[in-house]
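Architecture and fold: a report
The chain contents come next:
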Amino acid sequence: ASEVGERVNAGERFPVAAEVQNFNYDEVTFAWSCTTENLDLTNPANLLTTNTESNLVIASGVLSQGVTYTFAVTVTAIATGSFGKAVFTFQTNAAPALGSCTADPPAGDAIL
């Protein structure tokens, strides 16, 4: 199991980038997937890019609050078919929950 990485805001667009070493970008193909299967990366409405580019940008408002996602990108060399895979796990922030707030002292004068 992957450790959860950074937390992101569910309502904002979310960019992720894959970097390739030892190959030019025109010598490889990219295939992004959501391995937790809670986001369809083949649906163009969810993305500002396609799921076959080096950069993946999730559209704003697509990610759900308080959810863990795992994305994988498979990079394949066109000439040889050799490939590599990277996995990234992140969690979206949840909405604030009910709670309480106190101040000490409970009363005072405002400083202007």
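Once a new chain begins, its residue numbering starts again from 1 and follows that chain's sequence as written. Confidence filtering applies because this is a predicted model: local features only for residues at pLDDT of at least 70, side-chain atom pairs given and counted only at 80 or more, and all residues used for totals across whole chains, interfaces and linings. Hydrogens are left out, water is left out, and the side-chain values use all remaining heavy atoms of the structure.

1. Quick look at the sheet that holds strand E5 (residues 68-77)
With respect to topology, 4 strands assemble into an open sheet ordered E1-E6-E5-E3, the strand pairing being mixed. Looking at the sheet topology across the chains shown, the edges are occupied by strand E1 (7-8) and strand E3 (28-34). Summarising the sheet, E3 and E5 pair through 7 bridges and their orientation is antiparallel. In the strand pairing of E5, Trp32 is matched with Val73. A pair of strands is considered paired only if DSSP assigns at least 2 bridges between the two. Secondary structure elements are taken from DSSP: a helix is a run of H or I of four residues or more, a strand is a run of E of two residues or more, and numbering for both begins at the N terminus.

2. Things to note about the packing of aromatic side chains
Stacked, tilted and edge-to-face are the three classes assigned to paired rings of Phe, Tyr and Trp, where Trp is represented by its six-membered ring and a pair needs centres within 6.5 Å; plane angles under 30 degrees give stacked, over 60 edge-to-face, the rest tilted. On inspection of all chains with the given rule, the structure shows 7 aromatic pairs. Ring geometry for Tyr69 against Phe90: centres 5.5 Å apart, planes inclined by 20°, an arrangement best described as stacked. Here the residue Tyr69 occupies a position in strand E5, and Phe90 occupies one in strand E6 (residues 83-92), the gap between them amounting to 21 residues. The pair formed by Tyr69 and Phe90 is uniform in burial state, with each residue classed as buried. An aromatic cluster is defined as three or more aromatic residues linked by ring pairs; in this entry it consists of Phe14, Tyr69, Phe71, Phe88 and Phe90. For every residue, the accessible area (1.4 Å probe, protein chains only) is compared with the maximum for its type, and the residue is labelled buried under 20%, exposed over 50%, or partly exposed between those bounds.

3. Points about the side chain of Thr49
Of note, Thr49 is situated in the loop between E3 and strand E4 (55-58). Under the relative-accessibility criterion, Thr49 is labelled buried at 19%. Within 3.5 Å is the distance limit for a polar contact, defined as a pair of N or O atoms, with the added protein rule that one can donate a hydrogen and the other accept it, and that residues adjacent in sequence qualify only through two side-chain atoms. A polar contact is formed between the side chain of Thr49 and the backbone oxygen of Asn55, at a distance of 3.4 Å. Within polar-contact distance, the side chain of Thr49 engages the backbone nitrogen of Val57 at 3.1 Å. Thr49 has contacts with Asn55, Leu56 and Val57, leaving out every residue within four places of it along the chain. Contacts are residue-level and defined by heavy atoms, with any inter-residue pair within 4.5 Å sufficient.

4. Considerations on unusual backbone geometry
That bond from Asp104 to Pro105 is cis: its omega, 5°, falls within 30 degrees of zero. One can find Pro105 in the segment after E6. In this model, Asn22 sits at a positive phi of 70°, which is unusual for a non-glycine residue. When you line up the elements, Asn22 lands in the loop between strand E2 (14-17) and E3. Backbone geometry at Glu37 places phi at a positive 60°, although glycine is not the residue there. Take Glu37: it is sitting in the loop between E3 and E4.

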